[in-house]
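Report on the structure
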Amino acid sequence: MSNNQVTDSELNNNPDVVLIGGGIMSATLGVMLKKLQPEMTIQIIEALPSVALESSHAWNNAGTGHAALCELNYTPQQADGSVTIDKAVGINEQFEQSKQFWAYLVEQGVIEAPSEFIRKVPHMSFVRGKDGVDFLANRFKAMSEHHFFSEMTYSEDVNEIGEWAPLLAAGRGASEKIAATRVDGGTDIDFGSLTQILITYLTSLDGVTLATETSVRDIDRTSDGAWKVRVRRDGELSSEKVEAKFVFIGAGGGSLKLLQKSGVREGKGFGGFPVSGQFLVCQDEEVIAKHAAKVYGKAAVGAPPMSVPHLDTRVIDGKKSLLFGPYAGFSPKFLRRGSIFDLISSVKLDNLGPMLAVGRDNMSLTEYLYQECVNTHKDRVGVLREFFPDAKDDDWTLETAGQRVQIIKKDAEVGGKLQFGTEVVSSEDGTIAALLGASPGASTSVSIILEVLDRCFAEDVKTDAWQSELKSMVSSFGKVLANDAELYKRERSRADKALGIL
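Residue numbers run consecutively from 1 along every chain, following the written order of its sequence. Under the rules for a predicted model, residues below a pLDDT of 70 receive no local features and side-chain atom pairs below 80 are neither given nor counted, while totals for whole chains, interfaces and linings still include all residues. Water and hydrogen atoms play no part in the side-chain values, which are based on all heavy atoms of the structure.

Comments concerning empty space enclosed by the protein
Threshold: Here a cavity is any set of points on a 1 Å grid over the protein atoms alone where a 1.4 Å probe fits but cannot get out, and a pocket is any open set with protein on both sides within 12 Å along at least 5 of 7 lines; a residue lines the site when it has an atom within 4 Å of a point. Grid points are joined across faces, edges and corners, and a volume is the space filled by probe spheres set on the points. The way it works is that DSSP assigns letters per residue, a run of H or I at least four long becomes a helix, a run of E at least two long becomes a strand, and they are numbered from the N terminus. Charged means Asp, Glu, Lys or Arg here, nonpolar means Ala, Val, Leu, Ile, Met, Phe, Trp, Tyr, Cys or Pro, and polar covers whatever is left, Gly included.
Enumeration according to the criterion identifies 1 cavity of 30 Å³ or more in this entry. In this structure, the largest cavity occupies an estimated 100 Å³ of space. Along its surface, the largest cavity is lined by 15 residues, and Leu-69, Asn-92, Gly-185, Tyr-488 and Arg-492 are the ones closest to its centre. The set of elements that each furnish at least two residues to the lining of the largest cavity consists of α2 (86–107) and α16 (485–499). It is α2 that provides the largest number of residues to the lining of the largest cavity, a total of 4 residues. Split into classes, the residues belonging to the lining of the largest cavity amount to 7 nonpolar, 4 polar and 4 charged.

Here it is, written out as structure tokens:
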């Protein structure tokens, strides 16, 4: 992430909109709202000293532009061996919407240098053993027939795979059965830098204020239907009140507890299961120079989707790095800089049943997390060697990344289910909305925020003025790229050219 941290201490006590959390979601919503209604006043509230220091920070996420090009968990295998690609198609379309919006911001001069946050990096999937190879071959067949994935190539030849990614083949026995797919048009994204660019732009506009080092203590409904947000600045004993017609809770892992504070009926029954992440970071410049791809494998049994192993090229602050992970761990905190009481204090009467049901039905996840917590450095490098056989223990150091809170939802049949992905929760009247969950999150931020607008500004979205502006911001708005190959190629080419990744 850029070293130019975005900080401020302004507090507007009567804005039209309050955005809680200074991450990519609040930044995206803020920019869209100001484009749609320039006279709108917005207050951004961030608990940390600067924006983009939690989940949006470059070191707290994988940086993958999630387009389902390499992520095997988006293409589940069925009992008959076939592979379903519906989820992959949906995620790819959502990522294209994000690129279209970012391209629009480049054309508008909001983003001056897209290379500060997005770069072209090939996306690869990699498997070992007969079962893995059979799965990947079936996946390739199903995906390559769709125009979203027509550029995908497949190989079982260790020499060809070695040309794509030398570390995967070096030191590997010729008799070992492996396979890989590759898409050259993948991306590496620094969401921290993007967030800073967007919020720097926002705070340059009339009517937008940012208060950092300011935490939300409570959220209550006022008698006239507005929301009263009680906040406290770091170092102050007394709190202040901010009243707004609309509140957006985009606080990452902290969103669940803030949603609970609001007391809205739609937030009842949700629980959270925190999972921490760690990565091995390579220290050998020669090894780093040999790898130029994001390579995803298959998740271990019982592992949450966010723990799918991947060997990643990253470019952060202009410097190339090589990471492997994530290794999951457990912490009761909902945010990396949160409290050890986050988990226990989130347990309420309305979500106790679903949380107990999830604990009962996910013993394999519990076993997986326990094993991850007791693994040694040697164990972790041993997992890395499944990707990079010649990896040396001393060349890699362990770094702790961000926290993710997986959603727990009520379920009529089993009591509660652990849900992966991002979910929009909004009140019936559309005056408050919160985002819960994790990956693919940031990569699909634009489609998620479009859903927030549709739910919470429904009448405005129907107007000709908003429809026209939304189509300017997201050029395929109202259309389905998955159903129109020519439209997809045209819109993707335009966005990629503007972003410098054609």
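Details of the packing of aromatic side chains
Applicable threshold: For this analysis, a ring pair means two rings from Phe, Tyr or Trp (six-membered ring only for Trp) whose centres lie within 6.5 Å, classed as stacked if their planes differ by under 30 degrees, edge-to-face if by over 60, and tilted for the remaining angles. Partly exposed describes any residue whose relative accessible area lies between the buried limit of under 20% and the exposed limit of over 50%, with all areas from a 1.4 Å probe on protein chains only and scaled to the type maximum. Geometrically, a lysine NZ or arginine CZ counts as sitting over a ring once it is within 6 Å of the ring centre and also within 35 degrees of the ring normal.
Inspection of the entire model under this criterion finds 13 aromatic pairs. For the ring pair Phe-148 and Phe-149, a centre distance of 6.2 Å and an interplane angle of 80 degrees mean the geometry is edge-to-face. For the pair formed by Phe-148 and Phe-149, the shared burial category is buried. Put simply, the rings of Phe-95, Trp-102, Phe-117 and Phe-191 touch in pairs and so form one group of aromatic residues. Taking the ring centre of Phe-135 as reference, the NZ or CZ of Lys-298 above it sits at 4.3 Å.

Let's talk about a positive patch on the surface
Applied cut-off: For patches, a residue must show more than 30% relative accessible area and have no salt bridge; joins then use 9 Å for like charges and 5 Å for nonpolar side chains, namely Val, Leu, Ile, Met, Phe, Trp and Tyr. Reported accessibility uses the Shrake-Rupley method at a 1.4 Å probe radius. Residues are deemed covered only where the shown protein chains occlude them. Any carboxyl oxygen of Asp or Glu within 4 Å of a side-chain nitrogen of Lys or Arg constitutes a salt bridge here. Under this rule, positive means Lys or Arg and negative means Asp or Glu; His and the chain ends count for nothing. The location of each charge is read from NZ of Lys, CZ of Arg, CG of Asp or CD of Glu.
Judged by side-chain charge, Arg-217, Lys-261, Lys-268 and Lys-348 come together as a positively charged surface patch. Along the chain, the position of Lys-348 falls in the loop between α9 (342–345) and α10 (349–361).

Thoughts on the sheet that holds strand β14 (residues 294–296)
This is how the line gets drawn: Pairing between two strands is assigned when DSSP locates at least 2 bridges connecting them. In this analysis an axis means a line fitted to C-alpha atoms, helices contributing only their contacting stretch, and an angle means the value between N-to-C directions, from 0 to 180 degrees. Any pair of residues with heavy atoms lying within 4.5 Å of one another is described as a contacting pair.
Spatially, the 9 strands line up as an open sheet ordered β5-β6-β4-β14-β15-β16-β13-β17-β18, and their pairing is mixed. A single partner strand is all that each edge strand has here, and the edge strands are β5 (153–155) and β18 (415–419). The average angle at which neighbouring strand axes cross in this sheet is 30 degrees, direction not considered. The sheet contact formed by strand β15 (residues 310–316) and strand β16 (residues 319–329) spans 7 bridges and is antiparallel. By the bridge assignment, Ile-316 is partnered in β16 with Lys-319. The sheet contacts of α10 involve β13 (271–282), β17 (396–411) and β18, and relative to β18 the element is tilted by about 70 degrees.

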